[in-house]
Amino acid sequence: MYKKQLKLASIAFVAWYVISRPEGAANLVHNALNGLGTAAESLSQFMSAIPS
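Summary of the structure given here.

### Considering the overall build of the protein chain
Then step 1. Tallying secondary structure elements over the protein chain gives 2 helices and 0 strands in all.
Then step 2. Computed over the C-alpha atoms, the radius of gyration of the protein chain is 18 Å, more than 25% above the 10 Å expected from 2.2 N^0.38 for a compact globule of 52 residues.
Then step 3. Its C-alpha atoms give the protein chain principal-axis dimensions of roughly 50 × 30 × 5 Å.
Then step 4. A total of 52 residues make up the protein chain; the buried ones form 4% of that total.

Right under this line is the structure:
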């Protein structure tokens, strides 16, 4: 029951944030995706550096 309430509260907060500050929400998503891309690139370089 607690997990369900926490999930609904999180969804409500995200919806409120997107509605009240769309530019901030877009920047947050953009930065998160850039971070994931950087992590994937670093992992790729690491895997390439491992000798066969």
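### Re the packing of aromatic side chains
Then step 1. The tally for this structure, following the rule as stated, stands at 2 aromatic pairs.
Then step 2. Consider the rings of Phe-13 and Trp-16, whose centres lie 5.7 Å apart with planes at 35°: the pair is tilted. Residue Phe-13 and its partner Trp-16 are located together in helix α1 (residues 2–20), separated by 3 residues, close to a single helical turn.
Then step 3. Classification of Trp-16 by relative accessible area gives exposed; the value is 52%.
Then step 4. Judged by centre distance (6.3 Å) and plane angle (20°), the ring pair of Phe-13 and Tyr-17 falls under stacked. Here Phe-13 pairs with Tyr-17, and both are found in helix α1, just 4 residues apart, close to one helical turn.
Then step 5. Judged by relative accessible area, Tyr-17 falls into the partly exposed class, the value being 23%.

Analysis parameters
- Residues numbered from 1 in each chain as written.
- Predicted model: local features only at pLDDT ≥ 70, side-chain atom pairs only at ≥ 80, totals over all residues.
- Heavy atoms only, no water.
- Helix = DSSP H or I, 4+ residues; strand = E, 2+ residues; numbered from the N terminus.
- Rg over C-alpha atoms; globule rule 2.2 N^0.38 Å.
- Buried < 20%, exposed > 50% of the residue type's maximum accessible area, 1.4 Å probe, protein only.
- Phe/Tyr/Trp six-rings, centres within 6.5 Å; stacked < 30°, edge-to-face > 60°.

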